[in-house]
Amino acid sequence: MTEPTAAVEVTHTARKRLDLLGPAAEAVVEALRTELERTQQLGRRAVYSTGARRSG
């Protein structure tokens, strides 16, 4: 059985804000992303659907 893996994602909006804040902010976010992937229980669990949405 394989261990579950974590994926940490920075949204497009957050990336734009990081670009405005500069390299120090980007370094902090990268360190946080690394820590969240290493210590998975710190993060928020999200469920993703690969199917198409149904309307109606």
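Notes on the structure follow. (Residues numbered from 1 in each chain as written. Predicted model: local features only at pLDDT ≥ 70, side-chain atom pairs only at ≥ 80, totals over all residues. Heavy atoms only, no water.)

Structural notes on helix 1 (residues 12-21)
One full turn of an α-helix is made of 3.6 residues, so residues set three or four places apart face in the same direction. Here is the rule: Classification of residues uses two cut-offs on accessible area relative to the type maximum, computed with a 1.4 Å probe and protein chains only: under 20% is buried, over 50% is exposed, and between them is partly exposed. We count a stretch as a helix when DSSP gives it H or I for four or more residues in a row; a strand needs E for two or more, and each element gets its number in order from the N terminus.
Counting buried positions along helix 1 gives 1 out of 10 residues, so the element sits mostly on the surface. Residue G22 follows helix 1 closely and has a positive phi angle near 100 degrees.

Quick look at the environment of E30
If you trace the backbone, E30 turns up in helix 2 (residues 23-38). Given a relative accessible area of 38%, E30 falls into the partly exposed group.

Topic: the pattern of salt bridges
What counts is decided by this rule: Put simply, a salt bridge is a Lys or Arg side-chain nitrogen that is within 4 Å of an Asp or Glu carboxyl oxygen.
Taken as a whole, this structure holds 2 salt bridges when the rule is applied. Where R15 meets E26, a salt bridge forms, and the shortest distance between an N and an O atom there is 3.4 Å. Highlighted residues: R15 in helix 1 and E26 in helix 2, separated in sequence by 11 residues. Given a relative accessible area of 30%, R15 falls into the partly exposed group. The salt bridge involving R33 is made with E30; its shortest N-O contact spans 2.5 Å. Of this pair, R33 and E30 both sit in helix 2, 3 residues apart, which is roughly one turn of the helix. Residue R33 is classed as partly exposed on the basis of its relative accessible area of 22%.

Section: the environment of V10
Using the following cut-off: Any two residues having at least one pair of non-hydrogen atoms within 4.5 Å are treated as being in contact.
Note on placement: V10 falls in the segment before helix 1. The class of V10 is partly exposed, set by a relative accessible area of 31%. Among residues more than four places away in sequence, those in contact with V10 are R15, L18 and V29.

Overview of the environment of A14
Residue position: A14 is located in helix 1. Overall, A14 belongs to the partly exposed group, its relative accessible area being 28%.

Some points on the packing of helix 1 against helix 2
Our working rule: The angle between two axes is taken between their N-to-C directions and runs from 0 to 180 degrees, where each axis is a line fitted to C-alpha atoms and a helix contributes only its stretch in contact. In this scheme, roughly parallel covers angles under 35 degrees and roughly antiparallel covers those over 145, while 65 to 115 is roughly perpendicular and the rest are oblique. Residues are grouped as follows: Ala, Val, Leu, Ile, Met, Phe, Trp, Tyr, Cys and Pro are nonpolar; Asp, Glu, Lys and Arg are charged; all remaining types, including Gly, are polar.
Where helix 1 contacts helix 2, the two axes come as close as 6 Å, and the packing angle between them is 135 degrees. Relative to helix 2, the element helix 1 lies oblique. From helix 1, R15, L18 and L21 reach across to helix 2, where they touch P23, A25, E26 and V29. Of the residues that constitute the contact of helix 1 with helix 2, the class distribution is 5 nonpolar, no polar and 2 charged.

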